Amino acid sequence: MKRHIPGLHSGQQDHESTLEGLFLVRVDAASYRWHPQKPFLSVRFVVLEPEPSAGRSLAGRLYCTERALWKLNWFLRDFGYDPDLFGQDQVDEKALLGLRGIVRTSHVTLNGRSFQNLEAFAPAADWEDVSCEAAGEIREQRKGHDL
């Protein structure tokens, strides 16, 4: 069976399709992936806000090594993960589904491969404050470029 996949031949990454910045998101899928050196939690989010990106999805990894547990802890705490499971050092993939929060993302290219980097997290209740601050910073940056 043949499938038409637009853009397959170009070899160029479509930079407009990458999501970078602050987003109010919902966890759509999560799965633990074992790896001998770097086990990780693979998480797929659906963007709820800002409106132009609503409905799009983004995915990232949260590593479960001893050095990287701080970031997984940050994610679970800010997205309102079940405190009882958290207190027992357990991550239930089903309990992650539907959790909402804020994520700041960027795109990183390593050895020719592009990755979505999950840089920071915040509780969903902070969306109004965070989105207003981000909009103000963007306006200030644009003013600086106009001078």
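The model shown is predicted, which means the values in this text are computed figures rather than measured ones.

1. So, the sheet that holds strand β1 (residues 21-33)
Spatial strand order, β3-β2-β1-β4-β5: five strands in an open sheet with antiparallel pairing. Because the sheet does not close on itself, it has two edges, and the strands there are β3 (57-63) and β5 (113-123). Ignoring strand direction, the axes of neighbouring strands in this sheet form an average angle of 45 degrees. Set on the sheet, helix α1 (residues 69-78) makes contact with β1, β2 (40-49), β3, β4 (100-110) and β5; between it and β5 the angle comes to about 50 degrees.

2. Digging into the nonpolar core
Core analysis: the biggest nonpolar cluster contains 22 residues, and Val 27, Phe 45, Leu 62, Phe 75, Phe 79 and Leu 96 have the highest contact counts within it. Among the elements of the structure, β1, β2, β3, α1 and β5 are those that each provide at least two residues to this core. Residue contacts for Leu 96: discarding those within four places in its chain leaves Val 27, Ala 30, Leu 41, Phe 75, Leu 76, Tyr 81 and Val 91. Judged by nonpolar contacts, the second largest core, of five residues, contains Ile 102, Ala 122, Trp 127 and Val 130.

3. Quick word on the packing of aromatic side chains
Overall, the coordinates contain eight aromatic pairs when judged by the stated rule. Where Phe 45 meets Phe 79, the ring centres are 5.9 Å apart and the plane angle is 50 degrees; that geometry is what we call tilted. One end of the pair, Phe 45, is in strand β2; the other, Phe 79, is in the loop between α1 and α2 (83-87), and 34 residues separate them in sequence. The same class applies to Phe 45 as to Phe 79, namely buried. Among the aromatic residues, those joined into a cluster by ring pairs are Phe 45, Trp 70, Trp 74, Phe 75, Phe 79 and Phe 121. The ring of Tyr 63 has Lys 38 lying over it, and the distance from NZ or CZ to the ring centre is 5.0 Å. Cation over ring: Arg 61 sits above Phe 40, and NZ or CZ is 4.1 Å from the ring centre.

4. Things to note about α1
Every buried residue belonging to α1 is among Lys 71, Leu 72, Phe 75, Leu 76 and Asp 78, and all of these are buried. Gly 80 lies just past α1 and shows a positive phi near 75 degrees.

5. A closer look at the side chain of Gln 116
By the secondary structure assignment, Gln 116 is in strand β5. Its relative accessible area of 17% is what places Gln 116 among the buried residues. Among the polar contacts listed, one links the side chain of Gln 116 to the backbone oxygen of Leu 19, at a separation of 2.6 Å. In this structure, Gln 116 is in contact with Leu 19, Leu 58, Ala 59, Gly 60, Thr 105, Ser 106 and His 107, ignoring residues within four places of it in sequence.

Analysis parameters
- Residues numbered from 1 in each chain as written.
- Predicted model: local features only at pLDDT ≥ 70, side-chain atom pairs only at ≥ 80, totals over all residues.
- Heavy atoms only, no water.
- Pairing = 2+ DSSP bridges.
- Helix = DSSP H or I, 4+ residues; strand = E, 2+ residues; numbered from the N terminus.
- Axes fitted to C-alpha atoms, helices over the stretch in contact; angles between N-to-C directions.
- Contact = heavy atoms within 4.5 Å.
- Core = buried A, V, L, I, M, F, W, Y, C linked by side-chain atoms within 4.5 Å.
- Buried < 20%, exposed > 50% of the residue type's maximum accessible area, 1.4 Å probe, protein only.
- Phe/Tyr/Trp six-rings, centres within 6.5 Å; stacked < 30°, edge-to-face > 60°.
- Lys NZ or Arg CZ within 6 Å of the ring centre and 35° of its normal.
- Polar contact = N/O pair within 3.5 Å; in protein donor to acceptor, adjacent residues only side chain to side chain.

Coordinates in, geometry out; function isn't part of it.
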